[in-house]
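# Structural overview for review
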Amino acid sequence: MKNIKKGDKVKIIGGKDRGKTGKVLQVFPRERKVSVEGLNLLIKHLRPRRQGEKGQRIEFPAPLTISNAMLVCPKCGRPTKPIFKTGSGQEKEEADKKSARKRRYCRHCEQAID
Ligand SMILES: [Zn+2]
(Lines give C-alpha, C1' and ligand atoms only; values in the text may rest on other atoms or scores of the structure.)
Protein backbone atom coordinates (compact mmCIF):
# COMPACT_ATOMS: atom_id res chain seq x y z
CA MET A 1 0.00 0.00 0.00
CA LYS A 2 2.80 2.38 0.83
CA ASN A 3 4.12 1.78 -2.69
CA ILE A 4 2.09 4.64 -4.07
CA LYS A 5 1.57 8.02 -2.49
CA LYS A 6 -0.31 11.17 -3.34
CA GLY A 7 1.57 13.20 -5.95
CA ASP A 8 3.33 10.18 -7.49
CA LYS A 9 3.32 9.60 -11.20
CA VAL A 10 1.79 6.27 -12.06
CA LYS A 11 1.33 4.15 -15.15
CA ILE A 12 -1.92 2.26 -15.58
CA ILE A 13 -1.29 -1.41 -16.34
CA GLY A 14 -4.85 -2.69 -16.51
CA GLY A 15 -8.40 -1.63 -17.24
CA LYS A 16 -9.68 0.78 -19.86
CA ASP A 17 -6.93 3.35 -19.28
CA ARG A 18 -4.11 0.86 -19.65
CA GLY A 19 -0.86 2.40 -20.87
CA LYS A 20 -1.71 5.92 -19.72
CA THR A 21 0.13 7.85 -17.05
CA GLY A 22 -0.98 10.48 -14.60
CA LYS A 23 -0.48 12.04 -11.21
CA VAL A 24 -2.03 10.48 -8.13
CA LEU A 25 -4.60 12.86 -6.66
CA GLN A 26 -5.75 10.73 -3.77
CA VAL A 27 -5.09 7.34 -2.21
CA PHE A 28 -7.91 5.36 -0.62
CA PRO A 29 -6.15 2.80 1.60
CA ARG A 30 -9.27 0.97 2.76
CA GLU A 31 -10.65 0.49 -0.72
CA ARG A 32 -7.14 -0.13 -2.10
CA LYS A 33 -7.83 2.45 -4.78
CA VAL A 34 -6.26 5.59 -6.17
CA SER A 35 -7.63 8.45 -8.18
CA VAL A 36 -5.39 9.69 -10.96
CA GLU A 37 -5.54 13.07 -12.65
CA GLY A 38 -7.33 12.87 -15.99
CA LEU A 39 -7.85 9.11 -15.87
CA ASN A 40 -10.86 6.85 -15.42
CA LEU A 41 -13.08 9.87 -15.94
CA LEU A 42 -16.72 9.63 -15.12
CA ILE A 43 -19.38 12.17 -15.86
CA LYS A 44 -21.76 13.12 -13.15
CA HIS A 45 -24.99 14.75 -14.17
CA LEU A 46 -26.37 17.32 -11.81
CA ARG A 47 -30.05 18.00 -12.09
CA PRO A 48 -31.18 21.58 -12.35
CA ARG A 49 -32.07 22.95 -8.99
CA ARG A 50 -34.59 25.45 -10.22
CA GLN A 51 -36.99 25.42 -13.11
CA GLY A 52 -35.49 26.93 -16.25
CA GLU A 53 -31.95 26.15 -15.10
CA LYS A 54 -29.76 23.81 -17.08
CA GLY A 55 -28.37 20.61 -15.62
CA GLN A 56 -24.62 20.40 -15.24
CA ARG A 57 -22.15 17.75 -16.29
CA ILE A 58 -19.14 17.35 -14.08
CA GLU A 59 -16.20 15.25 -15.14
CA PHE A 60 -14.16 13.70 -12.36
CA PRO A 61 -11.53 10.97 -12.05
CA ALA A 62 -13.08 7.91 -10.41
CA PRO A 63 -10.85 5.85 -8.12
CA LEU A 64 -9.29 2.85 -9.80
CA THR A 65 -7.90 -0.34 -8.29
CA ILE A 66 -4.42 0.19 -6.98
CA SER A 67 -3.18 -3.06 -8.51
CA ASN A 68 -3.82 -1.49 -11.92
CA ALA A 69 -1.45 1.38 -11.17
CA MET A 70 2.32 1.15 -11.10
CA LEU A 71 4.68 3.76 -9.76
CA VAL A 72 6.77 5.53 -12.40
CA CYS A 73 10.28 6.33 -11.23
CA PRO A 74 10.83 10.11 -11.41
CA LYS A 75 14.55 9.52 -12.02
CA CYS A 76 14.61 7.03 -14.90
CA GLY A 77 10.98 7.27 -16.02
CA ARG A 78 10.38 3.54 -15.91
CA PRO A 79 7.47 1.85 -14.14
CA THR A 80 8.85 0.23 -11.03
CA LYS A 81 7.96 -1.63 -7.89
CA PRO A 82 9.89 0.28 -5.25
CA ILE A 83 12.27 -1.39 -2.82
CA PHE A 84 12.11 -0.15 0.75
CA LYS A 85 15.34 0.50 2.56
CA THR A 86 16.72 2.87 5.12
CA GLY A 87 19.50 4.26 2.94
CA SER A 88 23.25 3.70 3.06
CA GLY A 89 26.32 5.27 4.63
CA GLN A 90 25.74 8.69 6.08
CA GLU A 91 22.21 8.66 4.85
CA LYS A 92 21.61 5.49 6.85
CA GLU A 93 23.01 7.03 10.02
CA GLU A 94 20.68 9.96 9.57
CA ALA A 95 17.81 7.59 9.03
CA ASP A 96 18.72 5.61 12.15
CA LYS A 97 18.54 8.77 14.20
CA LYS A 98 15.09 9.41 12.88
CA SER A 99 14.02 5.92 13.98
CA ALA A 100 14.89 4.43 10.58
CA ARG A 101 12.32 5.92 8.31
CA LYS A 102 12.17 3.76 5.23
CA ARG A 103 12.54 5.31 1.84
CA ARG A 104 11.45 4.04 -1.54
CA TYR A 105 14.12 3.13 -4.05
CA CYS A 106 13.74 2.38 -7.73
CA ARG A 107 14.49 -1.21 -8.63
CA HIS A 108 15.98 -0.19 -12.00
CA CYS A 109 18.23 2.81 -11.35
CA GLU A 110 18.50 2.37 -7.54
CA GLN A 111 17.80 6.05 -6.93
CA ALA A 112 15.79 7.18 -3.95
CA ILE A 113 12.28 8.13 -4.98
CA ASP A 114 11.44 10.19 -1.92
ZN1 LIG B 1 14.51 4.58 -11.69
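Residues numbered from 1 in each chain as written. Predicted model: local features only at pLDDT ≥ 70, side-chain atom pairs only at ≥ 80, totals over all residues. Heavy atoms only, no water.

- By the naming in an unreviewed UniProt entry, the protein is Large ribosomal subunit protein uL24.
- As its UniProt record puts it under Sequence similarities (unreviewed entry), the protein is described as follows: "Belongs to the universal ribosomal protein uL24 family."
- Looking at the protein in UniProt, the text filed under Subunit (unreviewed entry) is "Part of the 50S ribosomal subunit." (UniProt positions renumbered as here; feature names shortened; annotations may be inferred.)

## Re the overall build of the protein
- Helices and strands together make up the secondary structure of the protein, namely one helix and nine strands.
- Going residue by residue from the N terminus, the α and β elements of the protein occur as β-β-β-β-β-β-β-β-α-β.
- By the burial criterion, 26% of the 114 residues in the protein qualify as buried.
- A separation threshold of at least 6 residues defines the contact pool for the protein, and within that pool the share at least 24 residues apart is 42%.
- Accessible surface computed for the protein: about 8300 Å², of which carbon and sulfur atoms make up 47%. (Helix = DSSP H or I, 4+ residues; strand = E, 2+ residues; numbered from the N terminus. Buried < 20%, exposed > 50% of the residue type's maximum accessible area, 1.4 Å probe, protein only. Contact = heavy atoms within 4.5 Å. Areas by Shrake-Rupley, 256 points an atom, 1.4 Å probe, with all protein chains shown as cover.)

## With respect to the coordination of the zinc ion
- Every protein donor of the zinc ion is accounted for by Cys-73 (SG), Cys-76 (SG), Cys-106 (SG) and Cys-109 (SG), and the metal-donor separations fall at 2.2 to 2.4 Å.
- Each of the four donor atoms around the zinc ion contributes to a set of angles spanning 103 to 115°, which defines the coordination as tetrahedral.
- Mapped onto the sequence, the residues coordinating the zinc ion show the spacing C-x2-C-x29-C-x2-C.
- Classification of Cys-109 as partly exposed rests on a relative accessible area of 28%. (Donors = N, O, S within 2.8 Å, 3.2 Å for Na, K, Ca; no water. Tetrahedral: all angles 85-135°; square planar, octahedral: opposite > 155°, others 65-115°.)

## What to know about the packing of aromatic side chains
- All chains considered together, the criterion is met by zero aromatic pairs.
- Seen from the ring of Phe-60, Lys-44 lies directly overhead, with NZ or CZ sitting 5.5 Å from the centre.
- The ring of Tyr-105 has Lys-85 lying over it, and the distance from NZ or CZ to the ring centre is 4.7 Å. (Phe/Tyr/Trp six-rings, centres within 6.5 Å; stacked < 30°, edge-to-face > 60°. Lys NZ or Arg CZ within 6 Å of the ring centre and 35° of its normal.)

## Thoughts on the pattern of salt bridges
- All chains considered together, the criterion is met by five salt bridges.
- In this structure, Asp-8 engages Arg-104 in a salt bridge whose closest nitrogen and oxygen atoms are separated by 2.8 Å. On the criterion of sequence distance, the pair formed by Asp-8 in the segment before β1 (9–12) and Arg-104 in strand β9 (residues 103–105) is long-range, its members being 96 residues apart. Across the pair, Arg-104 and Asp-8 agree in class, each one buried.
- Between Arg-50 and Glu-53 there is a salt bridge whose closest N-O contact spans 3.7 Å.
- One salt-bridge network, held together by shared partners, links Lys-5, Asp-8, Arg-104 and Asp-114. (Salt bridge = Lys/Arg side-chain N within 4 Å of Asp/Glu carboxyl O.)

## Focus: the nonpolar core
- Counting residues in hydrophobic clusters, the biggest one holds 14 residues, and the most contacted among them are Ile-4, Val-10, Ile-12, Val-34, Val-36 and Ala-69.
- Those elements that place two or more of their residues in this core are β1, β3 (33–36) and β7 (69–71).
- For Ile-4, the contacting residues outside a window of four places in its chain are Val-10, Val-24, Val-27, Val-34, Ile-66, Ala-69, Met-70, Leu-71 and Arg-104. (Core = buried A, V, L, I, M, F, W, Y, C linked by side-chain atoms within 4.5 Å.)

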